[in-house]
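Coordinate analysis (summary)
Next come the chains, spelled out residue by residue.
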Amino acid sequence: MGNYLEYKRFEIQESIPEEKVNEIMLKFNSTPGIDKISCVRKSLSVIYNPYEISKKEIVNVLSTIGLTVKKDNKKSFKNRLKKMAEDNKENFGGKRLDCCDMNN
């Protein structure tokens, strides 16, 4: 397995205070799998090896430090589409709509 690195930007709900930045740097500099980390206002950028540490583990460490990571908008959008599809199936069933049968 080569040195496969990924980049992830975590959006934090609140501004990151200076003392938290120092705590983050201390914690992640000693964490295996973290290659580089940087903090800017309300975001944290991490270059990491996903074979050594996962996104979920990074989020867990941030929450133990007292920071809340915003949800990923792509995931949120997919969840809304999935919910809409479930609601449509519940309301209309699995059959074709009446308007689709008019053209046949």
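Note that the coordinates shown come from a computational prediction; the quantities given were computed from them, not determined experimentally. Every chain begins its residue count from 1, and numbering advances along the sequence as written. For a predicted model such as this one, the threshold for reporting local features is a pLDDT of at least 70, and the threshold for listing and counting side-chain atom pairs is 80 or more; totals across whole chains, interfaces and linings nevertheless cover every residue. The basis for every side-chain value is the complete set of non-hydrogen atoms in the structure, without hydrogens or water.

Reading across from one edge, 1-3-2 is the order of the 3 strands in this open sheet, with antiparallel pairing throughout. In this open sheet, the two edge strands, each paired with only one partner strand, are strand 1 (6-11) and strand 2 (34-40). Looking at each pair of strands side by side, their axes are set apart by 15° on average, direction ignored. Any two strands are treated as partners once DSSP identifies two or more bridges connecting them. To qualify as a helix, a DSSP run of H or I must reach at least 4 residues; to qualify as a strand, a run of E must reach at least 2; elements of each kind are numbered from the N terminus. Pairing of strand 2 with strand 3 (residues 43-48) involves 6 bridges; the strand directions are antiparallel. Counterpart to Lys36 in the pairing with strand 3 is Ile47. Docked against the sheet, helix 1 (residues 18-29) engages strand 2 and strand 3, running at close to 175° with respect to strand 2. Contacts are residue-level and defined by heavy atoms, with any inter-residue pair within 4.5 Å sufficient. Helix axes use the C-alpha atoms of the stretch in contact, all axes being lines fitted to C-alpha atoms, and the angles between their N-to-C directions lie in the range 0 to 180 degrees. Sheet contacts for helix 2 (residues 55-65): strand 1, strand 2 and strand 3; angle to strand 1, the most-contacted strand, approximately 35°.

Turning to the confidence of the model for the protein chain, a few remarks are in order. Per-chain confidence: the protein chain averages 84 in pLDDT, with 88% of residues scoring 70 or above. Ranking the elements of the protein chain by mean pLDDT puts helix 4 (residues 98-101) last, at 68, and strand 3 first, at 92. Across the chain, each position has a pLDDT score giving the predictor's confidence in that residue, from 0 to 100.

Another point: the packing of aromatic side chains. Pairing of aromatic rings covers Phe, Tyr and Trp, the last counted by its six-membered ring, and requires centre-to-centre distances within 6.5 Å; plane angles under 30 degrees mean stacked, over 60 mean edge-to-face, and any other angle means tilted. According to the stated counting rule, one finds 1 aromatic pair in the structure shown. The ring of Phe10 carries Lys8 above its face, with NZ or CZ at 5.8 Å from the centroid. Only lysine NZ and arginine CZ atoms are considered, and such an atom sits over a ring when it is within 6 Å of the ring centre and within 35 degrees of the ring normal.

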